[in-house]
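Read off the chains here:
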Amino acid sequence: MKVLRMLLCAGLVTALGAGAAWGAGFAVLPPECDVRGVSADGSTVFGNLRSDNGWGALMGPYRWTRQGGLDPVDLGPPGTYGLVQANGISGDGSVLVGGLVECTIAESISFRWTPDTGLQTVRGPEGGFAVINGISPDGSLMVGVRGTVDDYQPSRWTSDGAVESLPRPEGMAYFHARLISADNAVVVGGARILRDEAPDLWGTLRWTDAGCEVLGPLAGFNETVARDVSGDGSLVVGTSYRMESRPDGNYIARTPCLWRSGTEPIALPLLPGSTEGDSWGVSADGRVIVGHCYSGPNDYQPVVWFDGQTPVPLTDVLAGLGVDLQGWVLTSVRGISDDGLTIVGVGHNPDILVPGVRGERALSGAWVATIPEPATLGLLAVGLAGLRRR
């Protein structure tokens with residue numbers, strides 16, 4: 001670790017900007033929490049509560065903060081709404097959006113929730129549906145899809161309920177909008193690419209004032225999904241897919257990738273020994289990307305890419321910072337704050353056994369890791385890279 005200590009003392013410039021979050025540490029949420037992401041300012045983790053230690057039926061959305069702990073969302077009288085699921089959170093953690101079913105008429109609608117207003121419903125056309133997938137960091141705009149079974153319209157809503165349709169390219173169907181940049185200028189989503197031969201393929205779309213563009217897959221792949229967008233919308237991270245026929249059946253191969261301003265994808269490198277991966281989140285400036293690499297069905301390794309270079313295992317980053325993982329094995333990442341200092345994901349603890357359908361199993365759940373200083377994470381990445389080259 002001598003090289004690392006020297007680098008830390010040198011005060012090198014890092015990939016992370018000024019600001020701080022919570023202080024160094026690692027926390028595990030209650031076992032019923034299924035994590036979806038973290039607010040842009042890093043203050044609030046959100047997701048959905050599930051029965052049976054997080055493996056059972058949906059019980060409604062939640063927010064979680066280090067100071068206040070678990071805060072389930074009030075859904076009103078029991079039996080009013082079902083299958084309530086949070087999909088997005090505003091930058092300061094004060095607004096949640098998502099989807100639900102109104103039990104009395106079995107209609108799929110969406111919601112916007114704040115502590116002051118409570119749950120407000122957002123409906124689609126008569127006889128149709130509305131699904132809100134994301135919200136802008138300032139809470140002023142929501143994005144998703146509305147329509148009927150045969151007509152999916154990607155849409156953008158304002159906080160007062162006004163709705164705007166987004167352009168739909170020819171030759172595609174089942175559109176949805178999912179992400180919106182911090183400056184509200186870029187919306188990202190996807191649609192199915194219709195083909196004469198089966199099956200149809202999923203593609204990624206980016207909407208700007210100039211119109212809609214299709215973000216293509218990596219060479220050798222034919223499908224894509226986007227999972228996050230940088231603050232100015234110039235960088236989108238996600239995954240390229242392809243279906244492979246193997247002796248034990250069909251298999252979906254995947255590689256993490258990004259798109260800059262333009263439609264051509266760039267592959268993110270994998271860990272040595274890994275064969276596949278996904279990218280799940282990006283900091284506001286686009287310089288820190290999180291995701292995971294893997295070499296088999298049960299070999300998931302959460303990683304961090306700094307400026308698109310060779311990934312660093314997240315466990316190495318946290319261990320180098322002296323963060324105690326309390327026996328937890330990290331298996332996937334679900335989000336990152338704008339400053340790159342707060343990361344959330346899923347893992348399990350083999351030392352804690354809980355009842356399961358097939359007997360006892362390791363306790364699994366959501367975690368949140370925080371970095372103490374903006375300089376530390378970037379310096380650690382440089383240090384680990386230097387150690388690996390030796």
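Keep in mind that what you see is a predicted model, and the values were worked out from it rather than measured.

1. Looking at the layout of surface pockets
Here comes step 1: Empty space within the largest pocket amounts to approximately 810 Å³.
Here comes step 2: Only β2 (33-38), β6 (81-89), β10 (129-135), β14 (172-180), β18 (223-229), β22 (276-282) and β26 (329-336) provide two or more residues apiece to the lining of the largest pocket.

2. Some words on the pattern of salt bridges
Here comes step 1: In this structure the tally under the stated criterion is twelve salt bridges.
Here comes step 2: Of the charged contacts, one joins Asp-34 and Arg-50 as a salt bridge, the two residues approaching to 3.5 Å between their closest N and O atoms. Of the two residues, Asp-34 sits in strand β2 while Arg-50 sits in strand β3 (residues 45-50), which places them 16 residues apart along the sequence.
Here comes step 3: With a relative accessible area of 22%, Arg-50 lands in the partly exposed category.
Here comes step 4: Between Glu-164 and Arg-156 there is a salt bridge whose closest N-O contact spans 3.1 Å.
Here comes step 5: A relative accessible area of 17% places Arg-156 in the buried class.

3. As for the pairing of β6
Here comes step 1: Summarising the sheet, β6 and strand β7 (residues 96-102) pair through six bridges and their orientation is antiparallel. Its bridge partner lying in β7, Tyr-81 is registered against Glu-102.
Here comes step 2: Joining the antiparallel neighbours β6 and β7 is a turn of six residues, in which Gly-93 adopts a positive phi near 80°.

4. Let's talk about unusual backbone geometry
Here comes step 1: Phi at Asp-307 takes a positive value of approximately 55°, unusual for a residue other than glycine.
Here comes step 2: With respect to the element layout, Asp-307 can be found in the loop between β24 (300-306) and β25 (312-313).
Here comes step 3: With a phi angle near 55°, Gln-326 is a residue other than glycine that sits in the positive phi range.
Here comes step 4: In this fold, Gln-326 is placed in the loop between α3 (314-320) and β26.
Here comes step 5: Owing to a relative accessible area of 44%, Gln-326 belongs among the partly exposed residues under this scheme.

5. A short note on the confidence of the model for the protein chain
Here comes step 1: With 88% of its residues at a pLDDT of 70 or more, the protein chain has an overall mean of 86.
Here comes step 2: Under a pLDDT of 50 for its full length, residues 1-23 has, in the predicted model, 52 contacts with residues more than four places off or in other chains.
Here comes step 3: Taken as a whole, residues 386-390 scores under 50 in pLDDT and shows nine contacts with residues more than four places along the chain or in a different chain.

6. A look at the environment of Val-97
Here comes step 1: Relative to the assigned elements, Val-97 resides in strand β7.
Here comes step 2: For Val-97, a relative accessible area of 0% gives the class buried.
Here comes step 3: In the structure, Val-97 is positioned 25 residues away from Val-122 in sequence and 9.8 Å away in space, judged by C-alpha atoms.
Here comes step 4: Ignoring anything within four residues of it in the chain, the contact list for Val-97 reads Gln-85, Ala-86, Asn-87, Gly-88, Phe-111, Arg-112, Ile-132, Gly-134, Ile-135 and Met-142.

7. Focus: the sheet that holds strand β12 (residues 151-158)
Here comes step 1: Judged by pairing direction, the sheet is antiparallel, and its four strands sit side by side in the order β10-β11-β12-β13 without closing on themselves. Two strands lie at the open edges of the sheet, namely β10 and β13 (163-165), each paired on one side alone. Between one strand axis and the next, the sheet turns through 30° on average, direction left out of account.
Here comes step 2: In this structure, β12 lies alongside β13, joined through three bridges in antiparallel fashion.

8. Quick notes on the environment of Thr-121
Here comes step 1: Among the structural elements, Thr-121 can be located in strand β9 (residues 118-122).
Here comes step 2: Here Thr-121 falls in the partly exposed class, since its relative accessible area comes to 32%.
Here comes step 3: Taking the C-alpha atoms as reference points, Thr-121 and Gly-98, 23 residues apart in sequence, are found 9.7 Å from one another.
Here comes step 4: Those residues in contact with Thr-121, other than ones at most four positions away along the chain, are Tyr-81, Ile-109, Ser-110 and Phe-111.

Rules used in this analysis
- Residues numbered from 1 in each chain as written.
- Predicted model: local features only at pLDDT ≥ 70, side-chain atom pairs only at ≥ 80, totals over all residues.
- Heavy atoms only, no water.
- 1 Å grid on protein atoms, 1.4 Å probe; cavity = no way out; pocket = protein on both sides within 12 Å on 5 of 7 lines; lining within 4 Å.
- Points joined across faces, edges and corners; volume = space filled by probe spheres on them.
- Helix = DSSP H or I, 4+ residues; strand = E, 2+ residues; numbered from the N terminus.
- Salt bridge = Lys/Arg side-chain N within 4 Å of Asp/Glu carboxyl O.
- Buried < 20%, exposed > 50% of the residue type's maximum accessible area, 1.4 Å probe, protein only.
- Pairing = 2+ DSSP bridges.
- pLDDT = per-residue confidence, 0-100.
- Contact = heavy atoms within 4.5 Å.
- Axes fitted to C-alpha atoms, helices over the stretch in contact; angles between N-to-C directions.

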